[in-house]
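Inside the fold
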Amino acid sequence: MKIIFLTSAHFSNDDRIYFLQAKSLSILHRVKVFSTFGGECRSEENLIIEYQAKSFKSRNEKIEAFRNQCIEFNPDVIICSEPLPIIGAYRYKNQKSQCKIIYDVTEFYPSKKNVVQFSFIKKIFALAGMILLNRKASGLVDAFIFGEHYKSLYYRSNFKNKPFIYLPYFQDLSYYPDFTLPKNIHTFSYTGKFSEEKGIIRFASFLKVFKEKNPNTYFNVKLVGWFESNIVSEQFYKLTEGIEIHHQENLPFERYCHSLSETTIFFDLRDIDAENNLCLPIKIFTYASVGRPMIYSSIHAIQHQYPNEEFIKFCKNDDYETICGSVLDLISSRDKYIALCEQSRKFSENHQWETIKDEFIRFVTK
(Lines give C-alpha, C1' and ligand atoms only; values in the text may rest on other atoms or scores of the structure.)
Protein backbone atom coordinates (compact mmCIF):
# COMPACT_ATOMS: atom_id res chain seq x y z
CA MET A 1 0.00 0.00 0.00
CA LYS A 2 0.94 3.66 -0.31
CA ILE A 3 0.36 5.76 2.80
CA ILE A 4 0.94 9.49 3.24
CA PHE A 5 0.99 11.60 6.42
CA LEU A 6 -0.06 15.24 6.02
CA THR A 7 0.53 17.84 8.72
CA SER A 8 0.37 21.61 9.02
CA ALA A 9 1.51 21.81 12.67
CA HIS A 10 4.14 19.09 13.14
CA PHE A 11 7.67 18.64 11.81
CA SER A 12 8.23 16.20 8.96
CA ASN A 13 10.59 14.31 11.31
CA ASP A 14 8.16 14.47 14.25
CA ASP A 15 8.81 11.90 16.96
CA ARG A 16 5.40 10.22 16.80
CA ILE A 17 4.65 10.58 13.10
CA TYR A 18 8.06 9.77 11.62
CA PHE A 19 9.98 7.72 14.18
CA LEU A 20 7.04 5.58 15.31
CA GLN A 21 4.17 5.51 12.85
CA ALA A 22 5.85 6.07 9.48
CA LYS A 23 8.87 3.88 10.18
CA SER A 24 6.66 1.03 11.38
CA LEU A 25 4.44 1.21 8.30
CA SER A 26 7.39 1.51 5.91
CA ILE A 27 8.58 -2.02 6.74
CA LEU A 28 5.90 -3.40 4.39
CA HIS A 29 4.46 -0.32 2.65
CA ARG A 30 5.56 2.80 0.78
CA VAL A 31 5.22 5.82 3.06
CA LYS A 32 5.62 9.58 2.81
CA VAL A 33 5.44 12.33 5.43
CA PHE A 34 4.68 15.83 4.16
CA SER A 35 4.71 18.94 6.37
CA THR A 36 4.15 22.63 5.75
CA PHE A 37 5.28 23.42 9.30
CA GLY A 38 8.95 22.49 9.47
CA GLY A 39 11.47 19.68 9.53
CA GLU A 40 13.72 18.24 6.86
CA CYS A 41 13.69 16.46 3.52
CA ARG A 42 15.21 13.02 3.01
CA SER A 43 14.56 9.60 1.55
CA GLU A 44 15.24 6.09 2.78
CA GLU A 45 13.95 2.69 1.78
CA ASN A 46 10.16 2.86 1.39
CA LEU A 47 10.03 6.19 3.27
CA ILE A 48 10.19 9.83 2.17
CA ILE A 49 9.91 12.85 4.45
CA GLU A 50 9.43 16.32 3.01
CA TYR A 51 9.03 19.84 4.33
CA GLN A 52 7.74 22.50 1.95
CA ALA A 53 9.46 25.69 3.09
CA LYS A 54 7.36 28.47 1.64
CA SER A 55 5.05 31.19 2.85
CA PHE A 56 1.50 30.37 1.82
CA LYS A 57 -0.57 33.39 0.83
CA SER A 58 -3.89 31.90 1.86
CA ARG A 59 -5.50 28.95 3.60
CA ASN A 60 -6.72 27.64 0.24
CA GLU A 61 -3.18 27.68 -1.17
CA LYS A 62 -2.03 25.48 1.71
CA ILE A 63 -4.97 23.12 1.19
CA GLU A 64 -4.00 22.83 -2.48
CA ALA A 65 -0.43 21.99 -1.46
CA PHE A 66 -1.77 19.00 0.47
CA ARG A 67 -4.02 17.95 -2.41
CA ASN A 68 -1.12 18.18 -4.85
CA GLN A 69 0.99 15.96 -2.61
CA CYS A 70 -1.73 13.34 -2.76
CA ILE A 71 -1.99 13.60 -6.55
CA GLU A 72 1.77 13.18 -6.84
CA PHE A 73 2.08 10.26 -4.38
CA ASN A 74 -1.27 8.60 -5.21
CA PRO A 75 -1.86 7.13 -1.72
CA ASP A 76 -4.32 4.49 -0.62
CA VAL A 77 -4.43 5.87 2.92
CA ILE A 78 -4.01 9.48 4.09
CA ILE A 79 -3.34 10.20 7.77
CA CYS A 80 -3.91 13.84 8.70
CA SER A 81 -3.01 15.64 11.91
CA GLU A 82 -5.10 18.81 11.44
CA PRO A 83 -8.22 20.07 9.60
CA LEU A 84 -6.47 21.79 6.66
CA PRO A 85 -4.71 18.63 5.48
CA ILE A 86 -8.05 16.80 5.76
CA ILE A 87 -9.69 19.29 3.38
CA GLY A 88 -6.84 18.81 0.90
CA ALA A 89 -7.03 15.03 1.26
CA TYR A 90 -10.79 15.05 0.68
CA ARG A 91 -10.39 17.06 -2.52
CA TYR A 92 -8.03 14.33 -3.69
CA LYS A 93 -10.39 11.57 -2.55
CA ASN A 94 -13.06 12.89 -4.88
CA GLN A 95 -10.75 11.75 -7.67
CA LYS A 96 -9.95 8.34 -6.10
CA SER A 97 -12.93 6.91 -4.26
CA GLN A 98 -11.04 3.97 -2.71
CA CYS A 99 -8.78 6.23 -0.67
CA LYS A 100 -9.18 6.22 3.14
CA ILE A 101 -8.67 9.37 5.27
CA ILE A 102 -7.76 9.04 8.95
CA TYR A 103 -7.66 11.91 11.45
CA ASP A 104 -4.88 11.40 14.03
CA VAL A 105 -5.98 13.58 16.96
CA THR A 106 -3.19 14.47 19.38
CA GLU A 107 -4.02 18.13 20.02
CA PHE A 108 -7.09 20.08 21.03
CA TYR A 109 -8.38 22.01 18.02
CA PRO A 110 -8.69 24.85 18.33
CA SER A 111 -5.99 25.19 20.97
CA LYS A 112 -5.01 28.27 22.95
CA LYS A 113 -1.77 28.40 20.95
CA ASN A 114 -3.81 28.88 17.73
CA VAL A 115 -5.22 32.20 18.95
CA VAL A 116 -2.60 33.50 21.38
CA GLN A 117 -1.61 36.32 19.02
CA PHE A 118 -5.14 37.75 18.68
CA SER A 119 -6.96 40.40 20.68
CA PHE A 120 -9.97 39.29 22.74
CA ILE A 121 -12.55 40.12 20.05
CA LYS A 122 -10.48 38.51 17.28
CA LYS A 123 -10.00 35.42 19.44
CA ILE A 124 -13.77 34.90 19.61
CA PHE A 125 -14.17 35.04 15.82
CA ALA A 126 -11.03 32.96 15.22
CA LEU A 127 -12.15 30.28 17.67
CA ALA A 128 -15.62 30.14 16.10
CA GLY A 129 -14.12 29.74 12.63
CA MET A 130 -11.73 27.01 13.76
CA ILE A 131 -14.49 25.10 15.54
CA LEU A 132 -16.59 25.10 12.36
CA LEU A 133 -13.58 24.11 10.23
CA ASN A 134 -12.73 21.23 12.53
CA ARG A 135 -16.32 19.99 12.59
CA LYS A 136 -16.50 20.10 8.80
CA ALA A 137 -13.14 18.32 8.40
CA SER A 138 -14.02 15.66 10.98
CA GLY A 139 -17.17 14.81 9.05
CA LEU A 140 -15.08 14.10 5.95
CA VAL A 141 -12.76 11.48 7.43
CA ASP A 142 -13.29 7.72 7.48
CA ALA A 143 -11.74 6.98 10.87
CA PHE A 144 -9.98 8.45 13.90
CA ILE A 145 -6.82 7.75 15.86
CA PHE A 146 -6.83 9.25 19.36
CA GLY A 147 -3.71 9.90 21.37
CA GLU A 148 -5.53 10.24 24.68
CA HIS A 149 -8.90 10.11 26.43
CA TYR A 150 -9.94 13.74 26.87
CA LYS A 151 -8.99 14.75 23.33
CA SER A 152 -11.25 12.02 21.97
CA LEU A 153 -14.46 13.08 23.71
CA TYR A 154 -15.68 15.68 21.20
CA TYR A 155 -15.21 13.33 18.23
CA ARG A 156 -16.63 10.25 19.90
CA SER A 157 -19.70 12.24 20.89
CA ASN A 158 -20.30 13.88 17.50
CA PHE A 159 -19.12 11.18 15.07
CA LYS A 160 -20.27 8.02 16.82
CA ASN A 161 -20.43 5.83 13.73
CA LYS A 162 -16.83 6.33 12.63
CA PRO A 163 -14.29 3.66 13.66
CA PHE A 164 -11.42 4.65 15.93
CA ILE A 165 -8.52 3.35 17.97
CA TYR A 166 -6.58 4.75 20.89
CA LEU A 167 -2.87 5.07 20.17
CA PRO A 168 -1.20 6.38 23.34
CA TYR A 169 2.15 8.17 23.32
CA PHE A 170 4.12 5.04 24.17
CA GLN A 171 7.79 5.11 23.18
CA ASP A 172 9.90 2.72 21.13
CA LEU A 173 12.49 1.60 23.68
CA SER A 174 15.00 0.77 20.95
CA TYR A 175 15.70 4.51 20.71
CA TYR A 176 16.74 4.64 24.35
CA PRO A 177 19.88 3.24 25.94
CA ASP A 178 19.72 0.15 28.06
CA PHE A 179 18.41 1.06 31.47
CA THR A 180 21.31 2.16 33.67
CA LEU A 181 21.28 4.04 36.95
CA PRO A 182 22.79 7.54 37.02
CA LYS A 183 25.99 8.25 38.87
CA ASN A 184 25.61 9.59 42.38
CA ILE A 185 25.67 13.14 41.02
CA HIS A 186 22.41 15.09 41.10
CA THR A 187 21.32 16.43 37.72
CA PHE A 188 17.95 18.17 37.47
CA SER A 189 16.58 18.38 33.92
CA TYR A 190 13.98 20.35 32.01
CA THR A 191 13.32 19.75 28.30
CA GLY A 192 11.23 21.22 25.47
CA LYS A 193 10.10 24.78 24.95
CA PHE A 194 11.22 27.09 27.77
CA SER A 195 8.42 29.56 28.38
CA GLU A 196 6.56 30.91 31.39
CA GLU A 197 3.51 28.86 30.42
CA LYS A 198 5.65 25.71 30.29
CA GLY A 199 6.97 26.49 33.79
CA ILE A 200 10.62 27.35 33.17
CA ILE A 201 10.55 30.39 35.50
CA ARG A 202 8.96 28.32 38.26
CA PHE A 203 11.74 25.78 37.73
CA ALA A 204 14.31 28.57 38.12
CA SER A 205 12.61 29.76 41.30
CA PHE A 206 12.69 26.23 42.70
CA LEU A 207 16.42 25.94 41.89
CA LYS A 208 17.13 29.19 43.71
CA VAL A 209 15.17 28.10 46.80
CA PHE A 210 16.74 24.64 46.76
CA LYS A 211 20.27 26.05 46.60
CA GLU A 212 19.56 28.49 49.44
CA LYS A 213 18.06 25.77 51.67
CA ASN A 214 20.71 23.16 50.83
CA PRO A 215 24.03 24.99 50.36
CA ASN A 216 26.06 21.81 50.91
CA THR A 217 24.17 19.68 48.37
CA TYR A 218 25.93 19.67 45.02
CA PHE A 219 23.73 19.54 41.93
CA ASN A 220 23.77 20.72 38.35
CA VAL A 221 21.05 21.52 35.84
CA LYS A 222 20.57 20.24 32.31
CA LEU A 223 18.34 22.04 29.81
CA VAL A 224 17.53 20.51 26.42
CA GLY A 225 15.40 22.78 24.28
CA TRP A 226 14.91 26.41 23.39
CA PHE A 227 13.88 29.61 25.15
CA GLU A 228 10.72 31.26 23.92
CA SER A 229 12.38 34.69 24.04
CA ASN A 230 15.44 36.54 25.24
CA ILE A 231 13.33 38.02 28.05
CA VAL A 232 12.50 34.56 29.42
CA SER A 233 16.13 33.46 29.03
CA GLU A 234 17.46 36.49 30.90
CA GLN A 235 14.92 36.02 33.68
CA PHE A 236 15.86 32.35 34.05
CA TYR A 237 19.61 32.98 34.25
CA LYS A 238 19.14 35.87 36.66
CA LEU A 239 17.23 33.61 39.07
CA THR A 240 19.77 30.79 38.72
CA GLU A 241 22.92 32.87 39.09
CA GLY A 242 25.66 30.76 40.68
CA ILE A 243 24.06 27.44 39.66
CA GLU A 244 25.83 25.17 37.17
CA ILE A 245 23.64 25.12 34.05
CA HIS A 246 24.27 23.02 30.93
CA HIS A 247 22.07 24.06 28.01
CA GLN A 248 21.77 22.17 24.75
CA GLU A 249 19.60 23.42 21.92
CA ASN A 250 17.26 21.01 20.16
CA LEU A 251 19.00 17.70 19.52
CA PRO A 252 18.24 15.13 16.80
CA PHE A 253 15.76 12.64 18.19
CA GLU A 254 18.18 9.75 18.70
CA ARG A 255 20.76 11.94 20.44
CA TYR A 256 18.04 13.49 22.58
CA CYS A 257 16.88 10.05 23.76
CA HIS A 258 20.39 9.00 24.72
CA SER A 259 21.15 12.29 26.46
CA LEU A 260 18.31 11.82 28.95
CA SER A 261 20.10 9.05 30.85
CA GLU A 262 22.38 11.68 32.45
CA THR A 263 19.42 13.00 34.45
CA THR A 264 18.60 12.24 38.10
CA ILE A 265 15.15 13.87 38.26
CA PHE A 266 13.01 15.42 35.52
CA PHE A 267 10.78 18.44 36.16
CA ASP A 268 7.70 19.81 34.44
CA LEU A 269 6.02 22.70 36.27
CA ARG A 270 3.73 23.92 33.50
CA ASP A 271 0.63 26.08 34.04
CA ILE A 272 -2.52 24.29 35.12
CA ASP A 273 -5.19 25.92 32.98
CA ALA A 274 -8.32 24.47 31.44
CA GLU A 275 -6.42 23.03 28.47
CA ASN A 276 -3.24 21.84 30.15
CA ASN A 277 -5.26 20.16 32.88
CA LEU A 278 -6.79 17.81 30.29
CA CYS A 279 -3.59 17.09 28.33
CA LEU A 280 -1.54 13.95 28.96
CA PRO A 281 2.09 14.95 28.28
CA ILE A 282 4.13 12.69 26.02
CA LYS A 283 7.12 13.41 28.28
CA ILE A 284 5.67 11.08 30.92
CA PHE A 285 6.53 8.18 28.59
CA THR A 286 9.76 9.74 27.35
CA TYR A 287 11.23 10.23 30.81
CA ALA A 288 10.05 6.82 32.00
CA SER A 289 11.85 5.24 29.04
CA VAL A 290 15.19 6.04 30.68
CA GLY A 291 13.88 4.97 34.07
CA ARG A 292 13.84 8.19 36.04
CA PRO A 293 11.44 9.76 38.55
CA MET A 294 9.78 13.06 37.67
CA ILE A 295 8.12 15.97 39.43
CA TYR A 296 5.00 17.30 37.70
CA SER A 297 2.36 19.96 38.14
CA SER A 298 -0.84 18.38 39.49
CA ILE A 299 -2.37 17.80 36.07
CA HIS A 300 -5.74 16.04 36.16
CA ALA A 301 -5.18 14.06 32.95
CA ILE A 302 -2.07 12.36 34.38
CA GLN A 303 -3.70 11.68 37.74
CA HIS A 304 -6.79 10.29 35.99
CA GLN A 305 -4.79 7.95 33.77
CA TYR A 306 -1.97 6.96 36.12
CA PRO A 307 -3.01 7.73 39.71
CA ASN A 308 -0.83 5.18 41.48
CA GLU A 309 2.62 5.56 39.93
CA GLU A 310 5.05 6.44 42.72
CA PHE A 311 7.79 7.65 40.37
CA ILE A 312 5.56 10.57 39.29
CA LYS A 313 5.51 13.15 42.10
CA PHE A 314 2.70 15.69 41.78
CA CYS A 315 3.01 19.15 43.28
CA LYS A 316 1.47 22.57 43.41
CA ASN A 317 3.75 24.07 40.82
CA ASP A 318 4.71 27.19 42.78
CA ASP A 319 5.01 25.56 46.20
CA TYR A 320 8.81 25.55 46.18
CA GLU A 321 9.14 24.46 49.80
CA THR A 322 7.16 21.29 49.12
CA ILE A 323 8.99 20.65 45.85
CA CYS A 324 12.31 20.96 47.70
CA GLY A 325 11.05 18.44 50.22
CA SER A 326 10.07 16.02 47.46
CA VAL A 327 13.49 16.35 45.82
CA LEU A 328 15.32 15.78 49.10
CA ASP A 329 13.15 12.75 49.73
CA LEU A 330 14.10 11.36 46.31
CA ILE A 331 17.85 11.86 46.66
CA SER A 332 18.33 11.23 50.38
CA SER A 333 18.11 7.43 50.09
CA ARG A 334 19.97 5.76 47.25
CA ASP A 335 18.04 2.52 47.72
CA LYS A 336 14.68 4.31 47.57
CA TYR A 337 15.79 6.28 44.51
CA ILE A 338 16.93 3.12 42.71
CA ALA A 339 13.57 1.47 43.46
CA LEU A 340 11.74 4.42 41.85
CA CYS A 341 14.02 4.30 38.81
CA GLU A 342 13.23 0.61 38.40
CA GLN A 343 9.49 1.33 38.74
CA SER A 344 9.78 4.02 36.09
CA ARG A 345 11.56 1.76 33.62
CA LYS A 346 9.11 -1.06 34.31
CA PHE A 347 6.26 1.33 33.53
CA SER A 348 7.84 2.13 30.16
CA GLU A 349 8.31 -1.57 29.39
CA ASN A 350 4.61 -2.15 30.08
CA HIS A 351 3.64 0.94 28.05
CA GLN A 352 5.91 0.70 25.01
CA TRP A 353 5.31 1.11 21.28
CA GLU A 354 5.76 -2.61 20.58
CA THR A 355 2.57 -3.36 22.56
CA ILE A 356 0.37 -1.20 20.29
CA LYS A 357 2.26 -1.14 16.97
CA ASP A 358 0.55 -4.13 15.35
CA GLU A 359 -2.96 -2.86 16.18
CA PHE A 360 -2.02 0.50 14.64
CA ILE A 361 -0.76 -1.10 11.44
CA ARG A 362 -3.88 -3.29 11.13
CA PHE A 363 -6.18 -0.30 11.67
CA VAL A 364 -4.42 1.78 8.99
CA THR A 365 -4.08 -0.94 6.36
CA LYS A 366 -7.26 -3.01 6.74
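Residues numbered from 1 in each chain as written. Predicted model: local features only at pLDDT ≥ 70, side-chain atom pairs only at ≥ 80, totals over all residues. Heavy atoms only, no water.

**Brief notes about the overall build of the chain**
- Looking only at helices and strands, the chain has 14 helices and 14 strands in total.
- Taken over C-alpha atoms, the radius of gyration comes to 22 Å for the chain, in line with the 21 Å a tight globule of 366 residues would show.
- Across its three principal directions, the C-alpha atoms of the chain cover 70 × 50 × 40 Å.
- Relative to its full complement of 366 residues, the chain shows a buried share of 53%.
- Across the chain, the fraction of contacts at a sequence separation of at least 24, relative to all contacts at a separation of at least 6, is 68%.
- Only carbon and sulfur atoms are counted for the fraction: they give 51% of the accessible area of the chain, which is about 16900 Å².
- Once the 47 positive and 43 negative side-chain charges of the chain are each reduced to a mean point, those two points are 6 Å apart. (Helix = DSSP H or I, 4+ residues; strand = E, 2+ residues; numbered from the N terminus. Rg over C-alpha atoms; globule rule 2.2 N^0.38 Å. Buried < 20%, exposed > 50% of the residue type's maximum accessible area, 1.4 Å probe, protein only. Contact = heavy atoms within 4.5 Å. Areas by Shrake-Rupley, 256 points an atom, 1.4 Å probe, with all protein chains shown as cover. Lys, Arg positive; Asp, Glu negative; His and termini not counted. Charge placed at Lys NZ, Arg CZ, Asp CG, Glu CD.)

**So, the packing of helix 7 (residues 200-213) against helix 12 (residues 320-332)**
- The N-to-C vectors of helix 7 and helix 12 enclose an angle of 65°; their axes lie 9 Å apart at closest approach. With respect to helix 12, the element helix 7 is oriented roughly perpendicular. Where helix 7 crosses over helix 12, the handedness of that crossing is right-handed. Between helix 7 and helix 12, the contacting residues are R202, S205, F206, V209, F210 and K213 on the first element and Y320, E321, I323, C324, V327, L328 and I331 on the second.
- Looking at the contact of helix 7 with helix 12, its residues break down into 9 nonpolar, 1 polar and 3 charged. (Axes fitted to C-alpha atoms, helices over the stretch in contact; angles between N-to-C directions. Parallel < 35°, antiparallel > 145°, perpendicular 65-115°, else oblique. Left-handed = near helix turned anticlockwise from the far one by under 90°. Nonpolar A, V, L, I, M, F, W, Y, C, P; charged D, E, K, R; others polar.)

**Things to note about the packing of aromatic side chains**
- Counted under the stated rule, the structure contains 39 aromatic pairs.
- Measuring from ring centre to ring centre gives 5.6 Å for Y103 and Y155, while their planes differ by 80°; the resulting arrangement is edge-to-face. Of this pair, Y103 sits in strand 6 (residues 100-105) while Y155 sits in helix 6 (residues 153-158), placing them 52 residues apart in sequence. Each member of the pair, Y103 together with Y155, is buried.
- Arranged with centres 5.5 Å apart and planes meeting at 15°, the rings of F144 and F146 form a pair that is stacked. When sorted by exposure, F144 lands in the same class as F146, which is buried.
- Members of the aromatic cluster, joined through ring pairs, are F188, Y190, F194, F203, F206, F210, F219, F227, F236, Y237 and F267. (Phe/Tyr/Trp six-rings, centres within 6.5 Å; stacked < 30°, edge-to-face > 60°.)

**Re the environment of L330**
- Structurally, L330 is set in helix 12.
- You can call L330 buried: its relative accessible area is 0%.
- In this structure the C-alpha to C-alpha distance between L330 and I86, which are 244 residues apart in sequence, comes to 47 Å.
- Beyond its immediate stretch of four places on either side in the chain, L330 contacts I265, P293, I295, K313, Y337 and L340.

**Let's talk about unusual backbone geometry**
- Here the residue pair Y109 and P110 is connected by a cis peptide bond, since its omega of 0° sits within 30 degrees of zero.
- Inspection of the secondary structure puts P110 in the loop between strand 6 and helix 4 (112-115).
- Of note, N46 is a non-glycine position whose phi angle comes to about 65°, a positive value.
- Position of N46 relative to the elements: it lies in the loop between strand 3 (42-44) and strand 4 (47-51).
- A relative accessible area of 31% means that N46 is categorised as partly exposed.
- One non-glycine residue with positive phi stands out, namely N74, at about 55°.

**A short note on helix 5 (residues 120-140)**
- For helix 5, spanning 21 residues, the distance from its first C-alpha to its last is 31 Å, which sits close to the expected 30 Å at 1.5 Å a residue.
- A126, M130, L133, N134, A137, S138 and L140 are the residues of helix 5 that are buried. When helix 5 is viewed along its axis, its buried side chains cluster within an angular range of 135° and face the same direction. Of the exposed residues in helix 5, the ones pointing more than 90 degrees away from its buried face are I121, F125, L132 and K136.
- Elements that come into contact with the buried residues of helix 5 comprise helix 2 (59-73), helix 3 (83-93), strand 6, helix 4, strand 7 (143-146) and helix 6. (Expected span 1.5 Å × (residues − 1). Arc of directions from axis to C-beta.)

**Overview of the sheet that holds strand 14 (residues 312-315)**
- Taken together, 6 strands build an open sheet; the order of strands is 11-10-9-12-13-14 and the sheet is parallel. A strand with exactly one partner marks an edge of an open sheet, and here the two such strands are strand 11 (245-248) and strand 14. Taking the axes of each pair of neighbouring strands and ignoring which way they run, one obtains an average angle of 25° across the sheet.
- As paired elements, strand 9 (residues 186-194) and strand 12 (residues 265-268) share 2 bridges and run parallel to each other. By the bridge assignment, S189 is partnered in strand 12 with F266.
- Seen against the sheet, helix 7 touches strand 9, strand 10 (219-227) and strand 12 and runs at an angle of roughly 170° to strand 10. (Pairing = 2+ DSSP bridges.)

**What about a nonpolar patch on the surface?**
- Nonpolar side chains collect at one region of the surface, where F120, I121, I124 and F125 lie side by side and expose about 490 Å² of accessible area between them.
- Following the sequence through the fold, F120 ends up in helix 5. (Patch = residues over 30% accessible without salt bridge, like charges linked within 9 Å, V, L, I, M, F, W, Y side chains within 5 Å. Salt bridge = Lys/Arg side-chain N within 4 Å of Asp/Glu carboxyl O.)

**Some details on the environment of F219**
- Secondary-structure assignment places F219 in strand 10.
- Each C-alpha atom, one on F219 and one on F188, is 7.4 Å from the other, the two residues being 31 residues apart in sequence.
- If we skip the residues at most four places from it in the chain, F219 touches H186, F188, L207, F210, K211 and I243.

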